[in-house]
Amino acid sequence: MTAAQATRRTQWAAGSAVALALLFAGVATVATARGDTTDGKQPRAASTAVRAPATDSADAGFARDMAVHHQQAVEMSFIVRDRTQDEEVRRFAYDIANTQANQRGMLLGWLDLWELPKVAAAGREPMAWMAAHGGRSGGGGHDMAGMDGMDGMGDMTAGSDSGFTAHDGALMPGMATRTELDRLRKADGKQAEILYLQLMTDHHKGGIAMARGCAELCTVKAERRLANGMVEAQQSELDAMAQMLAARGAEPR
């Protein structure tokens, strides 16, 4: 195992520990919001309890959207695992799949704890939480089209109130289209490695932009910490993917 691979493994293990800690923090937060206790004492007065976020809050919107975003990263990582024998890419994909699957579980778990639906209401577009809580259509000066990771997304950064238009199954910024996923499923060897790394680079850029939005707009401290952790970890992985692409005579799209 190379030093870089060992570092990634260590980072994943540390990330998992942080994820569990944040999940327990989320449980405590929502238990407080409901007035629940675990020590047999009477619940605190509602006026002093921390309230669970509303269904149309940035906290809930980020949890729903990032859970979907992460699911595709897991899917792409499992696809490339079967399309190449390169151990470096396979280990990298395995780390991403594990990390994002764990984080996705946390996000969906929070929605359960908050007693909120995991799917947005009919007619509510992806990313609407960013616009409604300070995005391009809001009052906070948070222009989605100009955010890091949003540039260069083509049709996916304009055309709706949320600043985002779904295209060919790509529901959020950075997500691969159905056509691109089909290409990945049919690719082999080095071609599959390069396409995966390029798609995941775009995916991380979109994910970082969303996580930065939550870091600014979400109100639950544990969720903001998770969002900040996503930004740091995925930025590090962007650097690693750029190096792997260069080693294969390619570069990000």
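Just so you know, the residues in each chain are numbered from 1, in the order the chain's sequence is written. Restriction of local features to residues with pLDDT of at least 70 applies here, the model being predicted, together with a cutoff of 80 or more for giving and counting side-chain atom pairs; totals for whole chains, interfaces and linings are based on all residues. No hydrogens and no water enter the side-chain calculation; it runs on all heavy atoms of the structure.

Engineer: Tell me about the overall build of the chain, and name the residues and values.
Structural biologist: The number of helices and strands found in the chain is seven helices and zero strands. The N-to-C order of helical and strand elements in the chain reads α-α-α-α-α-α-α. Each residue is placed in one exposure class: buried if its accessible area under a 1.4 Å probe, protein chains only, is under 20% of its type's maximum, exposed if it is over 50%, and partly exposed if it falls in between. Looking at the chain as a whole, 46% of its 253 residues are labelled buried. Between two residues, a contact is recorded if the distance between any of their heavy atoms is within 4.5 Å. By sequence separation, contacts in the chain at least 24 residues apart represent 70% of the contacts at least 6 residues apart. Shrake-Rupley sampling with a 1.4 Å probe provides the accessible areas, and residues are treated as covered by the protein chains on show and by no other component. Counting only carbon and sulfur atoms, one obtains 52% of the accessible surface of the chain, whose full area is about 12100 Å². Here a helix means four or more residues in a row that DSSP labels H or I, a strand means two or more in a row labelled E, and each is numbered from the N terminus.

Engineer: Residue-level account of the side chain of S57, with values.
Structural biologist: Along the chain, S57 turns up in the loop between α1 (3-34) and α2 (58-81). A residue is classified by how much of its surface remains accessible, and S57, at 10% relative accessible area, is buried. The definition of a polar contact used here is a pair of N or O atoms within 3.5 Å, where within protein one atom must be able to donate a hydrogen and the other to accept one, and adjacent residues in sequence count solely through side-chain atom pairs. Among the polar contacts made by the side chain of S57, one reaches the main-chain amide nitrogen of A60 at a distance of 3.1 Å.

Engineer: Explain the state of the cysteines residue by residue, including any values.
Structural biologist: Put plainly, two cysteines are in a disulfide when a covalent bond ties their sulfur atoms together. The disulfide definition used here is simple: a pair of cysteine sulfur atoms within 2.5 Å. Per the stated rule, a full pass over the model turns up one disulfide. Note that C214 is cross-linked by a disulfide to C218, the S-S spacing being 2.2 Å. When the S-S torsion is -120°, as for the bridge of C214 with C218, the disulfide is left-handed. With respect to burial, C214 and C218 carry one shared label: buried.

Engineer: Let's hear about the environment of P117: which residues, and what values?
Structural biologist: You can see P117 is positioned in the loop between α3 (87-113) and α4 (128-132). P117 gets classed as partly exposed once you look at its relative accessible area, which sits at 41%. Along the backbone, P117 and T55 are 62 residues apart, and their C-alpha atoms lie at a distance of 7.5 Å. Beyond its immediate sequence surroundings of up to four residues, P117 is in contact with T55, R64 and L111.

Engineer: Would you mind going over the packing of aromatic side chains in detail, with residue names and values included?
Structural biologist: Each Phe, Tyr or Trp ring, with Trp reduced to its six-membered ring, pairs with another whose centre is within 6.5 Å; inter-plane angles below 30 degrees give stacked pairs, above 60 give edge-to-face pairs, and intermediate values give tilted ones. By the definition in use, this model includes two aromatic pairs. Considering the side-chain rings of F62 and W129, the 5.8 Å spacing of their centres and the 80° angle between planes classify their relative orientation as edge-to-face. Separated by 67 residues along the polypeptide, F62 in helix α2 and W129 in helix α4 bring together distant segments of the chain. Residue F62 shares its accessibility class with W129, and that shared class is buried. Here the aromatic rings of W110 and W114 are separated by 6.2 Å at their centres, their planes lie at 10°, and the arrangement is stacked. The pair W110 / W114 is uniform in exposure class, with both members buried.

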